[in-house]
Amino acid sequence: MIDDAIRVLAGDCTVIAEDDDRQEYRGRVTTIVKPDNTILVHDTDGYQPVAWLTRADSVSSDRTGGFTLVAKKGTQTLRIATHDQDGFAHYPSSAAGTPIGACPDCGGALVRSSGVHCVGCGDRYGVPADATIRDEQCDCDCGLPKMRVERGLAFNVCLDRGCESLDAAVTEAFDREWACPEPDCDGNLRILRRGGLIAGCEHYPDCDTGFAVPAGVVDGDCGCGLPTFETASGTRCLDATCDRGLEEALEAESAADD
Ligand SMILES: [Zn+2]
Ligand SMILES: [Zn+2]
Ligand SMILES: [Zn+2]
Ligand SMILES: [Zn+2]
């Protein structure tokens, strides 16, 4: 369920913003309190609020002797007292994102912001920032679209990791595919999730070699023995600190110039 609410208070209000100095305003304004305690007081002019406090530490309301909202953050205080209240309401709210289809559970809109969520029922799916959402649907009956994620290869997997696991697909493709580059180590690199996906030596903790699997596809071999990846920002070694791949790319370039 969507449990986030935006609170709206409208009316003739006195607004007092205090920090080192003190500002007082009076007007028929609309105050918006976001779920993260960001407070915006809007009047009729422009897009900029008359007063605001982003991510306040606390927001409290008091109804004795007219409605008062008090928000505090560090040394800042924002006080809104109503003289004549036009309205006060809570509205269910979600993050807004690019629409990508319909929710198979409730028919609501699926949107992508950070991850994908349903505006109707609030269902959420974790999606890597570099993933693209496909028009194509999942092969099973879940009704969700697929996402395309590059981790060594381009994988097309269901949005729902419980339905089709990106980790399992990457593991199947690359687990033990690459040898540990440490000179004294005969281990292979395993695909593991440590926050993100990494290729880490099987002899951990004796060998702590490990690399985050880049967002890109394998397009060759680096001089160090590891694979190179074609990424959005160019070709690089699996080891982000390795410059051997760059050296060889430059050599190839100068050879082509001859
Ligand atoms: Zn839904
Ligand atoms: Zn699925
Ligand atoms: Zn190793
Ligand atoms: Zn390298």
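Please read all numbers here as calculations on a predicted model, not as lab measurements.

## Looking at the overall build of the protein
Counting its regular elements, the protein contains two helices and 20 strands. Relative to its length of 258 residues, the protein is extended, with a C-alpha radius of gyration of 27 Å against a globular reference of 18 Å. Along the first, second and third principal axes, the C-alpha set of the protein runs to 75 × 50 × 45 Å. For the protein, buried positions account for 35% of its 258 residues. Considering only intrachain contacts with a sequence separation of at least 6, the fraction spanning at least 24 residues in the protein is 33%.

## Observations concerning the domain arrangement of the protein
The domains assigned to the protein are domain 1 (5-92), domain 2 (98-171) and domain 3 (172-256). Contacts between the two partners involve 13 residues from domain 2, matched on the other side by 15 residues from domain 3. Taking both partners together, domain 2 and domain 3 bury about 1100 Å²; carbon and sulfur atoms supply 58% of that area. On inspection of domain 2 and its partner domain 3, the count reaches one salt bridge.

## A short note on the pattern of salt bridges
Under the criterion given, the structure shown has 14 salt bridges. Between Arg148 and Glu150 there is a salt bridge, with the nearest N and O atoms lying 2.9 Å from each other. Several salt bridges converge on common partners, so that one network encompasses Glu18, Arg22, Glu24 and Arg79.

## A closer look at the sheet that holds strand S17 (residues 210-212)
One key point about sheets: their strands pair by backbone hydrogen bonds, in either a parallel or an antiparallel sense. An order of S15-S16-S17 is seen for the three strands of this open sheet, with the pairing classed as antiparallel. In the strand order of this sheet, the two ends are held by strand S15 (189-194) and S17, each with one partner. Between one strand axis and the next, the sheet turns through 30° on average, direction left out of account.

Definitions and cut-offs
- Residues numbered from 1 in each chain as written.
- Chains lettered and ligands numbered in written order.
- Predicted model: local features only at pLDDT ≥ 70, side-chain atom pairs only at ≥ 80, totals over all residues.
- Heavy atoms only, no water.
- Helix = DSSP H or I, 4+ residues; strand = E, 2+ residues; numbered from the N terminus.
- Rg over C-alpha atoms; globule rule 2.2 N^0.38 Å.
- Buried < 20%, exposed > 50% of the residue type's maximum accessible area, 1.4 Å probe, protein only.
- Contact = heavy atoms within 4.5 Å.
- Domains from an automatic or database assignment.
- Buried area = accessible area lost by both parts, 1.4 Å probe.
- Salt bridge = Lys/Arg side-chain N within 4 Å of Asp/Glu carboxyl O.
- Pairing = 2+ DSSP bridges.
- Axes fitted to C-alpha atoms, helices over the stretch in contact; angles between N-to-C directions.

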